[in-house]
Amino acid sequence: MSSIKQFQVTFDCAQPERVGRFWCEVLGYVAPPPKGFDTWDAYEREQPPEERGSWFACVDPSQGGPRLYFQRVPEGKAAKNRVHLDVRVGTGLVGEERLAVLEAECTRLVALGAVRVQLLYDGVDSCISMQDIEGNEFCVD
């Protein structure tokens, strides 16, 4: 059996493009339009009205990270995520140095519309739990 070489992370959401563009800003991802189109707007204009805005996707420009796919679903978020993303900005850092880097990233993400939920800090290790613009949990780690 061969190992999987690629995977994508899929988000269920109410506004795929809005959530997708938020994550582009968080991760430095880009959102190339679907094949055969110069822009996302050109693609959307070609879709039936009921399909417009039903999905959005973005990719890591360095091709190192997974593709993120956002799909419109009719139901709202009802419970805590069972899987979440960790935005890893403090790798290798400890103590106050790590905390300062995490706090700076948290401040940047709050300006984009994220919500700070809780700081977990034991004097050495730390992470900040947050929510994206539709309430999906993630951590700044």
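Criteria and cut-off values
Residues numbered from 1 in each chain as written. Predicted model: local features only at pLDDT ≥ 70, side-chain atom pairs only at ≥ 80, totals over all residues. Heavy atoms only, no water. Salt bridge = Lys/Arg side-chain N within 4 Å of Asp/Glu carboxyl O. Helix = DSSP H or I, 4+ residues; strand = E, 2+ residues; numbered from the N terminus. Buried < 20%, exposed > 50% of the residue type's maximum accessible area, 1.4 Å probe, protein only. Phe/Tyr/Trp six-rings, centres within 6.5 Å; stacked < 30°, edge-to-face > 60°. Contact = heavy atoms within 4.5 Å. 1 Å grid on protein atoms, 1.4 Å probe; cavity = no way out; pocket = protein on both sides within 12 Å on 5 of 7 lines; lining within 4 Å. Points joined across faces, edges and corners; volume = space filled by probe spheres on them. Nonpolar A, V, L, I, M, F, W, Y, C, P; charged D, E, K, R; others polar.

Enquirer: So what's going on with the pattern of salt bridges? Which residues, and what values?
Expert: The final tally for this structure, using the stated rule, is seven salt bridges. With its nearest N and O atoms 3.1 Å apart, the salt bridge here joins Glu137 to Lys77. You can see Glu137 sitting in strand 7 (residues 137-140) and its partner Lys77 sitting in the loop between strand 3 (67-72) and strand 4 (85-87), a full 60 residues away along the chain. Of the residues examined, Lys77 reaches a relative accessible area of 37% and is grouped as partly exposed. Arg98 is the salt-bridge partner of Asp125, the closest N and O atoms lying 3.2 Å from each other.

Enquirer: Just give me the short version of unusual backbone geometry, but keep the residues and values in it.
Expert: Despite not being glycine, Gln63 shows a phi value in the positive range, around 65 degrees. Here Gln63 is to be found in the loop between strand 2 (55-58) and strand 3. Under the relative-accessibility criterion, Gln63 is labelled exposed at 72%.

Enquirer: Report on the packing of aromatic side chains, specifying residues and quantitative values.
Expert: On inspection of all chains with the given rule, the structure shows 10 aromatic pairs. Their ring planes at 90 degrees and their centres at 5.4 Å tell us that Phe22 and Trp23 sit as a pair that is edge-to-face. No difference in accessibility class separates Phe22 from Trp23, as the two residues are buried. Look at Trp23 and Phe138: their rings are 4.9 Å apart centre to centre, the planes differ by 75 degrees, and that puts the pair in the edge-to-face class. Here Trp23 is found in helix 1 (residues 16-27), whereas its partner Phe138 is found in strand 7, with 115 residues between them in sequence. Here the two residues Trp23 and Phe138 agree in accessibility, since each one is buried.

Enquirer: Pulling in residues and values, what's your account of the environment of Val87?
Expert: Along the chain, the position of Val87 falls in strand 4. Residue classification places Val87 among the buried residues on the basis of a relative accessible area of 5%. Sequence spacing of Val87 and Glu105 is 18 residues, and the spatial spacing of their C-alpha atoms is 9.2 Å. Every residue in contact with Val87, bar those within four places of it in the chain, is listed here: Trp23, Val26, Leu27, Glu105, Phe138, Cys139, Val140 and Asp141.

Enquirer: If you had to explain the layout of surface pockets to someone new, which residues and values would you point to?
Expert: Looking at the largest pocket, its volume works out to about 440 Å³. In this structure, the largest pocket is lined by 20 residues; those nearest its centre are Thr10, Phe11, Asp12, Asn81 and Asn136. When residues of the lining of the largest pocket are traced back to their parent elements, those giving at least two are strand 1 (8-13) and strand 7. The element contributing the most residues to the lining of the largest pocket is strand 1, with five residues. Class assignment of the residues belonging to the lining of the largest pocket gives a composition of 10 nonpolar, five polar and five charged. Volume-wise, the second largest pocket comes out at about 280 Å³. Taken together, 13 residues form the lining of the second largest pocket, with Gln6, Phe7, Gly65, Pro66 and Arg67 sitting closest to its centre.

Any link to function would need more than the numbers given here.
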